[in-house]
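# Inside the fold
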Amino acid sequence: MAEKPFRMLPRLTDQNRHFWQGGAEDELRLLRCRSCGTWIHPPSPLCPRCLGKQLGPEVVSGRATVATFTLNHQPWVPSPDHPYVIAIVELEEQPGLRLMTNIVHCPAEAVHIGMPVRVVFENQEDVWFPLFEPVEDV
Ligand SMILES: [Zn+2]
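The present account deals with the structure reproduced in this document.

## Description of the overall build of the protein chain
The helix and strand tally for the protein chain stands at one helix and eight strands. Shown N-terminal to C-terminal, the secondary structure of the protein chain runs as helices and strands in the order α-β-β-β-β-β-β-β-β. The contacts in the protein chain between residues at least 6 apart in sequence include a share of 52% that link residues at least 24 apart. Approximately 8,200 Å² of the protein chain is accessible, and the part contributed by carbon and sulfur atoms is 53%.

## Overview of the nonpolar core
Core analysis: the largest hydrophobic core is formed by 29 residues, its most contacted members being Leu28, Val89, Ile103 and Phe132. Elements with a contribution of two residues or more to this core: α1 (17-21), β1 (28-33), β4 (63-72), β5 (84-91), β6 (98-103), β7 (116-124) and β8 (127-134). Cys33, Ile40, Cys47 and Leu55 belong to the second largest nonpolar core, which has five residues in total.

## Some remarks on the coordination of the zinc ion
The coordination sphere of the zinc ion contains the protein donors Cys33 (SG), Cys36 (SG), Cys47 (SG) and Cys50 (SG), at a distance range of 2.2 to 2.3 Å. Every donor counted, the four donor atoms about the zinc ion form angles of 102 to 116 degrees at the centre, which fits tetrahedral coordination. Taking the relative accessible area as the measure of exposure, cysteine 47 reaches 0% and is therefore buried.

## Brief notes about the sheet that holds strand β2 (residues 39-40)
Strand order across the open sheet formed by three strands is β2-β1-β3, with antiparallel pairing between neighbours. For this open sheet the edge positions go to β2 and β3 (55-60), each flanked by a neighbour on one side alone. Strand direction decides the pairing type here: β1 and β3, joined by six bridges, are antiparallel. Paired with arginine 32 across the bridge in β3 is glycine 56.

## Some thoughts on the side chain of glutamate 133
Inspection of the secondary structure puts glutamate 133 in strand β8. In this structure glutamate 133 comes out as buried when scored by relative accessible area, which is 14%. Residue contacts for glutamate 133: discarding those within four places in its chain leaves Val104, His105, Pro116, Val117, Arg118 and Val120.

## Comments concerning the packing of aromatic side chains
Scanning all chains against the criterion turns up two aromatic pairs. When the ring of phenylalanine 19 is compared with that of tryptophan 20, the centres are 4.8 Å apart and the planes differ by 80 degrees; the resulting orientation is edge-to-face. Taking relative accessible area as the criterion, phenylalanine 19 reaches 7% and is therefore assigned buried. Residue class for tryptophan 20 comes out buried when judged on its relative accessible area of 17%.

## Here we look at the pairing of β1
Most of β1 is tucked away: five of the six residues are buried. Across two bridges, β1 lies against β2 in antiparallel orientation. Residue arginine 32 lies in a different strand from β2, and its bridge partner there is tryptophan 39. Between β1 and β2, which pair antiparallel one after the other, the connecting turn spans five residues, and glycine 37 there sits at a positive phi close to 85 degrees.

## Notes on the pattern of salt bridges
Scanning the model with the defined rule gives seven salt bridges in all. Between arginine 32 and glutamate 58 there is a salt bridge; the shortest N-O distance is 3.3 Å. Placement of the pair is arginine 32 in strand β1 and glutamate 58 in strand β3, with a sequence separation of 26 residues. Taking the relative accessible area as the measure of exposure, arginine 32 reaches 25% and is therefore partly exposed. With relative accessibility at 27%, the residue glutamate 58 sits in the partly exposed group. A cluster of three or more residues bridged by salt bridges with shared partners is formed by Glu25, Glu27 and Arg29.

Conventions used here
Residues numbered from 1 in each chain as written. Predicted model: local features only at pLDDT ≥ 70, side-chain atom pairs only at ≥ 80, totals over all residues. Heavy atoms only, no water. Helix = DSSP H or I, 4+ residues; strand = E, 2+ residues; numbered from the N terminus. Contact = heavy atoms within 4.5 Å. Areas by Shrake-Rupley, 256 points an atom, 1.4 Å probe, with all protein chains shown as cover. Core = buried A, V, L, I, M, F, W, Y, C linked by side-chain atoms within 4.5 Å. Buried < 20%, exposed > 50% of the residue type's maximum accessible area, 1.4 Å probe, protein only. Donors = N, O, S within 2.8 Å, 3.2 Å for Na, K, Ca; no water. Tetrahedral: all angles 85-135°; square planar, octahedral: opposite > 155°, others 65-115°. Pairing = 2+ DSSP bridges. Phe/Tyr/Trp six-rings, centres within 6.5 Å; stacked < 30°, edge-to-face > 60°. Salt bridge = Lys/Arg side-chain N within 4 Å of Asp/Glu carboxyl O.

What follows is the structure in structure tokens.
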């Protein structure tokens, strides 16, 4: 079993709890504007499109594509042969709806821009980190 990479636990607030704890039910939840349907991430008190304030969490499909990525070789972890991939993925629900995450369950060399991925969750304490794995075998 590989060591889990060190992750900073986010501070939970009423604004972001749905995001960090949705994984407990295996759901990726993002804020959505009830007026115009725009998805909003990171959480904001106002819809950037219509300035509506009626926002609430809804479940997304968890399907995304890799928009950009970088390797972190993490010299402070005792497994230097397993660099991990820090990526920004774009969710299929909306152009520009992006999350910073890690790509897991595949070799770092296999990750590429445009790669189809889906969400998986890694639980640490009361937080479920949304990570992404390839949809197809690599
Ligand atoms: Zn709106």
